[in-house]
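Read off the chains here:
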There are 2 protein chains.
Amino acid sequence: MIVNTEWYRVFLHAAESSNLTKAAQSLHMTQPSVSYAIKQLEETLGVRLFDRLSKGVRLTQEGQALYLHVRTAFEELDSAERRIKKLKQFSEGHLRICANGAIIKDFLLPSLDAFHARYPSIRIQLSQDRTSRILERLKQGSTDLGFVHLPVLDEEIEVGASHASPYCVVVGTAFADWTLQPLSTERLTELPLLMLSPGSTTRSFIEGWFQSQGLEAEADFELNSLDMLAEFAERGYGAAFLPRGFVASRIASRTLLELRTEVPIPDRHIGIAVRKHSSLSLAAEAFWSMLF
Amino acid sequence: MIVNTEWYRVFLHAAESSNLTKAAQSLHMTQPSVSYAIKQLEETLGVRLFDRLSKGVRLTQEGQALYLHVRTAFEELDSAERRIKKLKQFSEGHLRICANGAIIKDFLLPSLDAFHARYPSIRIQLSQDRTSRILERLKQGSTDLGFVHLPVLDEEIEVGASHASPYCVVVGTAFADWTLQPLSTERLTELPLLMLSPGSTTRSFIEGWFQSQGLEAEADFELNSLDMLAEFAERGYGAAFLPRGFVASRIASRTLLELRTEVPIPDRHIGIAVRKHSSLSLAAEAFWSMLF
DNA sequence: TCTTTGTCATAGAGAGGATCAATAACAGAT
DNA sequence: ATCTGTTATTGATCCTCTCTATGACAAAGA
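Residues numbered from 1 in each chain as written. Chains lettered and ligands numbered in written order. Predicted model: local features only at pLDDT ≥ 70, side-chain atom pairs only at ≥ 80, totals over all residues. Heavy atoms only, no water.

Asks: Would you mind going over the overall build of chain A in detail, with residue names and values included?
Replies: Along its length, chain A carries eleven helices and twelve strands. Taken against the 2.2 N^0.38 rule, which gives 19 Å for 292 residues, the C-alpha radius of gyration of chain A at 33 Å runs more than 25% over that of a compact globule. The C-alpha extent of chain A, read off along each of the three principal axes, is 105 × 35 × 25 Å. Considering chain A as a whole, with its 292 residues, one finds that 46% of them fall into the buried category. Pairs at least 24 residues apart make up 73% of the contacts formed inside chain A by residues separated by at least 6 positions. Summed over all atoms, the accessible surface of chain A reaches about 14600 Å², with 49% contributed by carbon and sulfur. (Helix = DSSP H or I, 4+ residues; strand = E, 2+ residues; numbered from the N terminus. Rg over C-alpha atoms; globule rule 2.2 N^0.38 Å. Buried < 20%, exposed > 50% of the residue type's maximum accessible area, 1.4 Å probe, protein only. Contact = heavy atoms within 4.5 Å. Areas by Shrake-Rupley, 256 points an atom, 1.4 Å probe, with all protein chains shown as cover.)

Asks: So what's going on with the relation of the copies chain B and chain A? Residues and values would help.
Replies: You can overlay chain B on chain A at an RMSD of 0.3 Å; the transform is a turn of 180° with a shift of 0.0 Å along its axis. One copy is carried onto the other by what is essentially a two-fold rotation axis. Of every C-alpha in chain B, the one belonging to B:Ala73 sits nearest the axis of rotation, 2.1 Å from it. The share of interface residues of chain B whose copies in chain A are also at the interface is 100%, consistent with both copies meeting through the same surface. (Least-squares fit on C-alpha atoms with pLDDT ≥ 70 in both.)

Asks: Let's hear about the interface of chain B and chain A: which residues, and what values?
Replies: By a widespread convention, an interface's size corresponds to the accessible area lost as its parts come together. The interface is formed by 45 residues belonging to chain B together with 45 residues belonging to chain A. Summed over the three residues of chain B that lose the most area to chain A, namely B:His69, B:Glu81 and B:Ile84, the buried surface amounts to 16% of that side. Where chain B packs against chain A, one counts 21 residue pairs in polar contact (both at pLDDT 80 or more). When residues of the side of chain B that touches chain A are assigned to their parent elements, the largest contribution, 20 residues, is made by helix H4 (residues 61–92) of chain B. Along the lines of polarity and charge, the residues of the side of chain B that touches chain A split into 16 nonpolar, 14 polar and 15 charged. (Buried area = accessible area lost by both parts, 1.4 Å probe. Polar contact = N/O pair within 3.5 Å; in protein donor to acceptor, adjacent residues only side chain to side chain. Nonpolar A, V, L, I, M, F, W, Y, C, P; charged D, E, K, R; others polar.)

Asks: Account for the environment of A:Glu156, naming residues and giving values.
Replies: Residue and element names in this part refer to chain A. Secondary-structure assignment places Glu156 in the loop between strand E5 (145–149) and strand E6 (157–165). On a C-alpha basis, the gap between Glu156 and Leu66 in space is 46 Å, while along the polypeptide they are 90 residues apart. Once residues lying within four places of it in the same chain are set aside, the contact partners of Glu156 are Lys139, Val274, Arg275 and Lys276.

Asks: Help me get a handle on the side chain of B:Asp51, residues and values and all.
Replies: Here B:Asp51 shows up in strand E1 (residues 50–53). Here A:Ser279 takes part through its side chain, which lies 3.0 Å from a polar atom of the side chain of B:Asp51. Contacts of B:Asp51, omitting those with residues within four sequence positions, involve A:Arg275, A:His277, A:Ser278, A:Ser279, B:Gly56, B:Val57, B:Arg58 and B:Thr60.

Asks: Mind laying out the protein's contact with DNA strand C, listing which residues take part and the relevant values?
Replies: By nearness alone, 23 residues border DNA strand C, and A:Thr30, B:Leu20, B:Thr21, B:Ser35 and B:Arg52 come closest of all. Among the atoms of DNA strand C close to the protein, meaning within 4 Å, 78% are from sugar or phosphate groups. A:Ser33 is positioned such that a nitrogen or oxygen atom in its side chain is 2.9 Å from a phosphate oxygen of DNA strand C. One of the backbone nitrogen or oxygen atoms of B:Leu20 is found 2.5 Å away from a phosphate oxygen of DNA strand C. The element contributing the most residues to the surface near DNA strand C is helix H3 (residues 31–45) of chain B, with four residues. Looking at the surface near DNA strand C residue by residue, the classes come out as seven nonpolar, twelve polar and four charged. (Near = heavy atom within 4 Å.)

Asks: So what's going on with the sheet that holds strand E11 (residues 257–259) of chain A? Residues and values would help.
Replies: All names here are of chain A. Pairing is mixed in the open sheet, where five strands are placed in the order E9-E8-E10-E7-E11. Each end of this open sheet is capped by a strand with a single partner; those strands are strand E9 (219–223) and E11. Here the strands of the sheet are splayed against their neighbours by 45° on average, with no regard to which way each runs. With two bridges connecting them, strand E8 (residues 193–196) and strand E10 (residues 239–243) associate as parallel partners. (Pairing = 2+ DSSP bridges. Axes fitted to C-alpha atoms, helices over the stretch in contact; angles between N-to-C directions.)

Asks: Kindly report on the environment of A:Leu223, identifying the contributing residues and their values.
Replies: Residues and elements named next belong to chain A. Here Leu223 lies in strand E9. By relative accessible area, Leu223 is classed as buried at 11%. Leave out the neighbours within four places in its chain, and Leu223 touches Met195, Leu196, Ser197, Met228, Leu229 and Phe232.

Asks: Explain the domain arrangement of chain A residue by residue, including any values.
Replies: Entries for chain A in the domain assignment read domain 1 (5–90), domain 2 (93–163 + 270–291) and domain 3 (167–266). Of note, the centres of domain 1 of chain A and domain 2 of chain A, computed from C-alpha atoms alone, are 47 Å apart. (Domains from an automatic or database assignment.)

Asks: Give a detailed account of the sheet that holds strand E8 (residues 193–196) of chain B, specifying residues and quantitative values.
Replies: Residues and elements named next belong to chain B. As summarised here, the arrangement of the five strands in space is E9-E8-E10-E7-E11, forming an open sheet in which the pairing is mixed. For this open sheet the edge positions go to strand E9 (219–223) and strand E11 (256–259), each flanked by a neighbour on one side alone. Sheet twist, expressed as the mean angle between neighbouring strand axes with direction ignored, is 40°. Its contacts with the sheet put helix H10 (residues 244–252) on strand E7 (167–172), strand E10 (239–243) and E11, and the angle it makes with E10 is roughly 115°.

Asks: Run through the protein's contact with DNA strand D, naming residues and quoting values.
Replies: Near DNA strand D you find 22 residues, and of these A:Leu20, A:Thr21, A:Ser35, A:Arg52 and B:Tyr36 are the closest. The contact atoms of DNA strand D, taken as those within 4 Å of the protein, divide so that sugar and phosphate hold 76%. Contact distances for DNA strand D include 3.5 Å between a sugar or linking oxygen and a backbone N or O atom of A:Gly56. B:Thr30 is positioned such that a nitrogen or oxygen atom in its backbone is 2.7 Å from a phosphate oxygen of DNA strand D. Here the element with the most residues in the surface near DNA strand D is helix H3 (residues 31–45) of chain A; it accounts for four residues. Tallied by class, residues from the surface near DNA strand D come to seven nonpolar, twelve polar and three charged.

Asks: Can you lay out the pairing of E9(A) for me, pointing to particular residues and giving the numbers?
Replies: Residue and element names in this part refer to chain A. Of the strand pairs in this sheet, E8 and E9 are connected by four bridges, and their pairing is parallel. Within the sheet, the bridge partner assigned to Leu193 lies in E9 and is Ala219. Read as a crossover between parallel neighbours, the route from E8 over helix H8 (residues 201–211) to E9 is right-handed. (Right-handed = clockwise from strand over helix to strand, strands pointing away.)

Asks: Residues and numbers for the pairing of E10(B), please.
Replies: All names here are of chain B. Burial analysis of E10 places five of its five residues in the buried class, the great majority of the element. On E10, burial covers both faces: Ala239, Phe241 and Pro243 on one face and Ala240 and Leu242 on the other are all buried. Two elements, E7 and E10, share four bridges in a ladder whose sense is antiparallel. For Val169, the partnering residue across the bridge sits in E10 and is Phe241.

This is how it looks when you write it as structure tokens:
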């Protein structure tokens, strides 16, 4: 049985006011329209829903039964619309970002500051996570933008724009004499190496650079954050590969020294990842356009 | 927010098939119509509900939230329609009658037999009850027809048709000599009187007859059913006022004797009562037309 | 790379149904 | 009897949905 659900809306109002004229008013219709709709409904269902009295209408037994169901159905639709309204407000004033820890300090922070200054009422949700988990979250729709190092090979992910992030190798002042001339990659391996824990894309990036030259990088320290790497490098434990932006102030103040290499260290490329075909929230759109 | 609920129906199918073309098929519409409806819904709610992919559509976060609500709402409407269908079948094959005990045997039974013979599949629900309670049940819609003694003064009740039911006074053979000549009402009061318990309309009817002649009827026996009254009269305990139809066979077999009275005992009038303006069920309609 | 296939979107025309204004019909109440 | 408040009916109108035809696009395959 297929019943025009708009008739149910009319029925609902009629049942609640027991008066077709009043129902028409609350529905912003005329009384004959209501009368017509009720008649259609009754004929479609094959049941008389109201007894017509001289001063209004009265639900029949069947009408009463129908009313209970229809009321809960429309209450459900009401709550659906309220829910949507809330979600809309929320998502419009909401920016969800995931990024690698390396990227946050090196690249994201200034943009984020600017965004927050311009749209202070937009709530920012920033999650630091590993690249693989960021992609997962994008795919399940629980974040809007993902900032990851390229390349990203996932079929369902799209990289919107990219940004080069220069890397450098730094040591503490204890190794000052290593800075006098450019180093071959081979000589570099003679230094103790400070690296992130295995599995991170940043570490793979560095290992890949060595491997492309037929050499094996062996980590002497395995630490969990860029901060720790910089800290240990400063104290003279060895050499660390870090985003130049991240260590720029330390290099300027000469607590860290940059090594020159014969083979240049390639830039890494930071990309903005989104789920393919997903429509961006307004906030995400705004943030995106502030980045470039 | 007022949203055309038919759009929700389209949305529901689209969400369930993740494919507007297939949704259109299951809705017996064309794909552009579905596309249009979804667009309307999205614009009205101000939210994008689907991401459009190259092979179908995918619910957005908001769409998923909406879907859950809309689904339960339409499930509710479904169950409403199933409920109505059942009620319809039921009420069409269902006759609900209430009647005074006195009327059942005296008047209703033969008609009921005929009705049952003609419509054996229609379920008959017969409740024996007091007049006041019958009127209550009519007013609350829990019975279709009420068979009661007239007059009925209730504002909300309508009496459709009436039928005269002759009454008589009977005694057992022990009082045979009382039958020789017509009795004045005064003499009648000298007999022990067998009556129904106080409060019944039948008893009021009899008391009213005495009172209209300035006499007081005093009950010697107060019993609860016509059968009991006949039984006690037969055994010679006194005189009972009973519907002539009810005691006809006993009079014929001379186990009960009818007294003649100078002032004739008026007929009682049985009426078919219905709630004013209520539409009768098919079965009730059929039964009604068999009565006259 | 080009074609094919499957998808959704758009445009414009058309039809059908909901809506309306006017009025009738009806029942209670005054 | 008349008045008031209700629902039902009618016929015209208008709007909205639906349709056909076509476009646009993306993915898969030749």
